[in-house]
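Given next are the chains, with one letter for each unit.
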Amino acid sequence: MLKKSPHILAITGYSGSGKTTLIEALLPELAQLGWRVNVIKHSHHDLELEPPRKDSARFRAAGAGEVMVVSPFRYAIVHELRGAAEPTLAEQIARLAPADLTLLEGFKSAEIPKIEIWREANGKPLLYPIDASIIAIATDSNEQQAIPVLNLNDIPALARFIFDLFAKKP
């Protein structure tokens, strides 16, 4: 039986670098390696998950703290913060089902292991020299760095790097 994800890894980088695309590509590769993976995406924007006139949105607007929507295909829980603090990363992970790995999109300031996506063509500086939490760079550049540089276009190799990174740890 799976436990709450002991392994957490953020995919970080500037806007438009391809974080979502990379995570989307990694998920089936990690599944082929036998892992169940959860994902948490952080957003600085308000989330509108259903049209305002739908029943679940009306329940939230009327004051429900949480609304669960269930179908034969999936379920979702929407929790209104109503001025409360955003949950900590630990609290967010605790809400998820057990998994072998939780991937995070964003979370630039969190002190957790990260792989930075960096594209030279974007003209932005690397984050890793100022963020000791970055353990590797996934890039389409051939530039060498002081930490592992992974080919952004070799998804199976990226998945294997992540798998091997955590397979060694309990």
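See the structure shown above.
An account of the accompanying structure is given in this report.

Rules and cut-offs
Residues numbered from 1 in each chain as written. Predicted model: local features only at pLDDT ≥ 70, side-chain atom pairs only at ≥ 80, totals over all residues. Heavy atoms only, no water. Patch = residues over 30% accessible without salt bridge, like charges linked within 9 Å, V, L, I, M, F, W, Y side chains within 5 Å. Areas by Shrake-Rupley, 256 points an atom, 1.4 Å probe, with all protein chains shown as cover. Salt bridge = Lys/Arg side-chain N within 4 Å of Asp/Glu carboxyl O. Helix = DSSP H or I, 4+ residues; strand = E, 2+ residues; numbered from the N terminus. Buried < 20%, exposed > 50% of the residue type's maximum accessible area, 1.4 Å probe, protein only. Contact = heavy atoms within 4.5 Å. Expected span 1.5 Å × (residues − 1). Bend = angle between axes of the 7 residues up to and from the residue. Pairing = 2+ DSSP bridges. Axes fitted to C-alpha atoms, helices over the stretch in contact; angles between N-to-C directions. Core = buried A, V, L, I, M, F, W, Y, C linked by side-chain atoms within 4.5 Å.

Bringing a nonpolar patch on the surface into the picture now. On the surface, Met68, Val70, Tyr75 and Ile77 cluster together into a nonpolar patch covering about 440 Å² of accessible area. When contributions to the nonpolar patch are tallied by element, the ones reaching two or more residues are strand S3 (66–70) and strand S4 (75–79). Here methionine 68 is to be found in strand S3.

Moving on to the side chain of lysine 114. Inspection of the secondary structure puts lysine 114 in strand S6 (residues 114–118). A residue is classified by how much of its surface remains accessible, and lysine 114, at 0% relative accessible area, is buried. Aside from chain neighbours lying at most four places away, what touches lysine 114 is Leu9, Ala10, Thr12, Phe107, Lys108, Asp131, Ser133, Ile134, Ile135 and Ala136.

What follows concerns helix H1 (residues 19–32). The terminal C-alpha atoms of H1, which comprises 14 residues, lie 20 Å apart, in line with the 20 Å expected from a rise of 1.5 Å per residue. Along its length, H1 reaches its greatest deviation from straightness, about 25°, at leucine 26, and the proline proline 28 lies no more than four positions downstream. Residues of H1 that are buried include every one of Lys19, Leu22, Ile23, Leu26 and Leu30, and no others. Tucked into the core, H1 has its buried residues touching strand S1 (8–12), strand S2 (37–41), strand S5 (101–105), S6 and helix H4 (155–167). Just downstream of H1 lies glycine 34, where phi reads positive at about 95°.

Now for the environment of serine 71. Positionally, serine 71 belongs in the loop between S3 and S4. As for serine 71 and lysine 19, which are separated by 52 residues in sequence, their C-alpha atoms are 29 Å apart.

Across five bridges, S3 lies against S4 in antiparallel orientation. Bridge pairing in S4 places glutamate 66 opposite histidine 79. A loop of four residues connects S3 with S4, the two strands running antiparallel in sequence.

Looking at the secondary structure, you find arginine 60 in helix H2 (residues 55–61). The exposure class assigned to arginine 60 is buried, which follows from its relative accessible area of 14%. Those residues in contact with arginine 60, other than ones at most four positions away along the chain, are Glu50, Val67, Val78, Glu80 and Arg82.

A few words on the pattern of salt bridges. All told, the structure shown has seven salt bridges when counted by the stated rule. For glutamate 105, the salt bridge is made with lysine 41, and the minimal N-O distance between the two is 2.9 Å. Remark: lysine 41 occurs in strand S2 and glutamate 105 occurs in strand S5; sequence separation between them is 64 residues. Judged by relative accessible area, lysine 41 falls into the exposed class, the value being 53%.

A few words now on the sheet that holds S1. Strand order in the open sheet formed by six strands is S2-S5-S1-S6-S7-S8, with parallel pairing between adjacent strands. Of all the strands in the sheet, the pair left with one neighbour each is S2 and strand S8 (149–151). Strand after strand, the sheet turns through a mean of 25° between neighbouring axes, direction not considered. Note that S6 and strand S7 (residues 134–139) share five bridges and pair parallel.

Our focus in this paragraph is the nonpolar core. Ranked by internal contacts, the top residues of the largest apolar core, which has 22 residues, are Leu9, Leu22, Leu26, Leu30, Trp35, Leu101 and Ile162. Mapped by element, the contributors of at least two residues to this core are S1, H1, S5, S6, S7 and H4. Discounting chain neighbours no more than four positions away, the residues touching isoleucine 162 are Leu9, Leu26, Leu30, Trp35, Leu101 and Ile115.

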